[in-house]
Every structure is written in C-alpha cells, then in structure tokens.
Amino acid sequence: MRSTRISAGLCIGLALAATAATAQERSSSFTGLQLQGDKPIQIESDKLEVRDADSIAIFTGNVSVVQGDTLLKSGKMTVHYKKEKKEGADTASATMPGGGNIERMEVDGKVYVKSKTQVATGDRGTFDMGTEIMTLTGEEVVLTEGQNVIVGCKLTVEMKTGAAKLDGCGKGTGRVKMLLTPQKQGQ
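Residues numbered from 1 in each chain as written. Predicted model: local features only at pLDDT ≥ 70, side-chain atom pairs only at ≥ 80, totals over all residues. Heavy atoms only, no water.

Peer 1: Give me the lowdown on the overall build of the protein chain, citing residues and values where you can.
Peer 2: Summing up its helical and strand segments, the protein chain has two helices and 13 strands in all. Across the 187 residues that make up the protein chain, the buried fraction comes to 37%. For the protein chain, restricting intrachain contacts to residue pairs at least 6 apart in sequence, the fraction spanning at least 24 positions comes to 46%. (Helix = DSSP H or I, 4+ residues; strand = E, 2+ residues; numbered from the N terminus. Buried < 20%, exposed > 50% of the residue type's maximum accessible area, 1.4 Å probe, protein only. Contact = heavy atoms within 4.5 Å.)

What follows is the structure, encoded as structure tokens:
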C-alpha cells in the first residue's frame, strides 16, 4: 500500500488556491476537523442502547452529531466511556461535559463529516479522544471543498495540529488522487 504524507492544510487548503504556486505556499491547518471541547455536543439517532457494564452507548439509525460548525452523520455510532472509581467500585460515567469522559467514538455506515466548506466521507471512522486522532477509512475516502476533490482509502488527522496523512488504496495503482480546479481571478 502506498502512503502519501501531506499536511492537512495543504490537503484542503489546496482547494482554495488560485494557482499551483499559491497552493504550495499555503500552510493553514485543516480547520474543518478539530475538537471543540468547549462547545456542547448534540446527538440524535433513531435508537440508543446504553450498556453500563461495558461502558458504551450505541446510537443507531440516522445518527447525527453536531458540535459547533462540525456535523457528523452515520448509520451507527458507538461511544466508549472511561470507567470512574466511585466508593471502591468501577462505574461507567454517563456524563459528558465537553466530551471529557469519552475515550473514543466509532462510527460506521456511510460516514459523513462536514465543517464550514469542507466535507469528508468514508465507510468507517474512529475518533480517539485521548490522542485526538481521527481515522476515516473505506473503499473510498473522499475529501472535498467546492469543486476540489482528494481521494484515498485511509485518512488520519491529528486534530490538535491539523496534520493529516492520506493513504492510497493498495489496489490497482494504489495512489492518492487529487483534482484541483483553479479559481478565476476576482472570485
């Protein structure tokens, strides 16, 4: 499997570039996928199953998660909570102030992540709250901003720094593909 290491700012920032020279100078971060721990999280789904003994909550059917400017949609989301010690017993914490008690979230079933003008899609995703790393995988992981498109099979984003890595698919040419549409002057 071939791997292409790219900065997330270059990955999505290229979409804003008017020319190739301008694109190479961009170094902004991938602002579309950042944790916003100070903002509330709104979660909606058709069904919720909580398994206290396993410290998980499973949201299924038309899952929608909104935090600030970011929207996540999927068919299923499993939230893994940290266990807290209370009076000598391990218990799962159901409180999520700022998402502080969540270890990780796993989503699958056509994952869609949108923030401002950027969209990422894939088949499965993992959000590790401890390391603040998001991984989106699938037959085809697609990043878009306007008419600009980047395609691979595994996207890894360090949400603190915005650094990203997009891996090719390993089948056929196994390469990352990018289509850039330059903007006309004055747009």
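Peer 1: Talk me through the pairing of strand β4 (residues 56-67); I want residue IDs and the actual numbers.
Peer 2: Bridge count between strand β2 (residues 42-44) and β4: three bridges; the pairing is antiparallel. Each bridged residue has a counterpart across the sheet, and for Q42 the counterpart in β4 is V66. Of the pairings in the sheet, the one linking strand β3 (residues 47-51) to β4 comprises five bridges and is antiparallel in character. Its bridge partner lying in β4, E49 is registered against I58. Where β3 hands over to β4, the hairpin turn is made up of four residues, of which S55 adopts a positive phi near 60°. By the bridge criterion, 10 bridges tie β4 to strand β5 (residues 70-81) in an arrangement that is antiparallel. (Pairing = 2+ DSSP bridges.)

Geometry only, nothing functional implied.
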